[in-house]
Amino acid sequence: MRLVGKDPNGNREELPMPLSFEFSSGLDTPVDRLELVFLYGKGTKNRLFEVSLYDDAGEALFQGIVDEHIIETSGEGQRVIVKCRSRAALLMDNEAKPGTYYRITLQELFNRHVAPYGFELARRDSTAQYNFVIPKGCSQWEVLCLFCRKMSGTTPFITPDKLVWTCFRYGKAHHLISNTGGGGIRFLRSQVRYKRYGVISRIYLQNNQGVYKTHVDSFPAAVHGVDCVRYHIPPSEMVNYPLTSAQKKLDESMREILTIQAVLPGFLPMRKGDKATLEQEGKRYEDLVVGDVSVTYNPTSPITTVVLYHSNYLKNL
């Protein structure tokens, strides 16, 4: 693990090992969080504007901005507390100028609303043009989300190396979590949870005459014995893709039908989107994806907690 800080003058320097830190990353927000606690001294006296966290292979786990830099004094001495959010926070914090674009491509919109904050578009092969309205009060992140949903019915995804994908992105790593040997990552505790509440089995769509006639069914919901109906009017960005909009809503409702929480000893460089398999008491759960990661680190007993989701219910998010 390696920490690098940047001061207000743009100078970068290696930071000492912290007394402790907490890290969290999840599916519900593009913004990751990192809170570090240092002894006040060499490498921590200057205010920090940015912090990056790298794994032992040199790959970024976190790159972000410093929201708060706190110097705390007590009878035990002085500590420095640094609270950070990943750079996606800049897209959430900044409001986009309202307006209308005519025949704009994804790359053109990205260059105007996302690239200025230090991001790069992962794929540039889309040349389709769209008319697009930016409502008042939208953040830059919401603009990108609305455009991606209009274009492909998906939600953009940001990786720690500041690449932006137009849909959920699976990681390169695959983790075997198992206490039965075979080179797996051992766990302290695991919890397999089935949740039927919130799952939707059928969605009726409103047509141009205001009639709810066409419907879309969820086969997985039926397999789990769920009978829950919703009536749906596609949002403006999805008005031309009503079936895609309904399917996305069904998929989102299925996301937590199966979740597995695993508490792992140590600081493990696991990333949102990594694939995983869990072996528990003779049963094997496959096709899992890391959705949420939290790390509570101290030198004696660091803990990594992950929440795993089934890949079937993430691919259309």
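Keep in mind that what you see is a predicted model, and the values were worked out from it rather than measured.

Details of the pattern of salt bridges
Item 1. Summed over all chains, the structure comprises 16 salt bridges.
Item 2. One salt bridge in this structure joins Asp 55 and Arg 271, with 2.9 Å as the shortest N-O distance. Placement of the pair is Asp 55 in the loop between strand S5 (50-54) and strand S6 (60-74) and Arg 271 in the loop between strand S18 (258-265) and strand S19 (275-280), with a sequence separation of 216 residues. Across this residue pair, the class does not change: Asp 55 and Arg 271 are buried.
Item 3. Ionic pairing is found between Arg 271 and Glu 59, a salt bridge with its closest N-O pair at 4.0 Å. Taken together, the residues Arg 271 in the loop between S18 and S19 and Glu 59 in the loop between S5 and S6 connect sequence positions 212 residues apart.
Item 4. In this structure Arg 271 comes out as buried when scored by relative accessible area, which is 18%.

Regarding the pairing of strand S21 (residues 303-310)
Item 1. Among the eight residues of S21, seven are classified as buried, and the element is accordingly described as predominantly covered.
Item 2. Inspection of the sheet shows S18 paired to S21 by seven bridges, in the antiparallel sense. By the bridge assignment, Gln 261 is partnered in S21 with Val 307.
Item 3. Across eight bridges, strand S20 (residues 283-297) lies against S21 in antiparallel orientation. In the sheet register, Ser 294 faces S21, and the bridge partner there is Thr 305.
Item 4. Between S20 and S21, which pair antiparallel in sequence order, lie five residues.

Details of the sheet that holds strand S15 (residues 202-206)
Backbone-to-backbone hydrogen bonds pair the strands of a sheet. The strands run either parallel or antiparallel.
Item 1. If you walk across this open sheet you meet the three strands as S16-S15-S17, and the pairing is mixed. Each edge of the open sheet is held by one strand with a lone partner, namely strand S16 (212-217) and strand S17 (229-232). Between one strand axis and the next, the sheet turns through 30° on average, direction left out of account.
Item 2. Two strands pair when backbone bridges link them, and S15 and S17 are joined in this way by four bridges, in the parallel orientation. Across the sheet, residue Ile 203 finds its bridge partner in S17, namely Arg 230.
Item 3. Its contacts with the sheet place helix H5 (residues 242-254) against S15, S16 and S17, and it is angled at close to 150° to S15.

How each quantity is defined
Residues numbered from 1 in each chain as written. Predicted model: local features only at pLDDT ≥ 70, side-chain atom pairs only at ≥ 80, totals over all residues. Heavy atoms only, no water. Salt bridge = Lys/Arg side-chain N within 4 Å of Asp/Glu carboxyl O. Helix = DSSP H or I, 4+ residues; strand = E, 2+ residues; numbered from the N terminus. Buried < 20%, exposed > 50% of the residue type's maximum accessible area, 1.4 Å probe, protein only. Pairing = 2+ DSSP bridges. Axes fitted to C-alpha atoms, helices over the stretch in contact; angles between N-to-C directions. Contact = heavy atoms within 4.5 Å.

Note that every value here comes from positions in space, so none of it alone points to a role or purpose.
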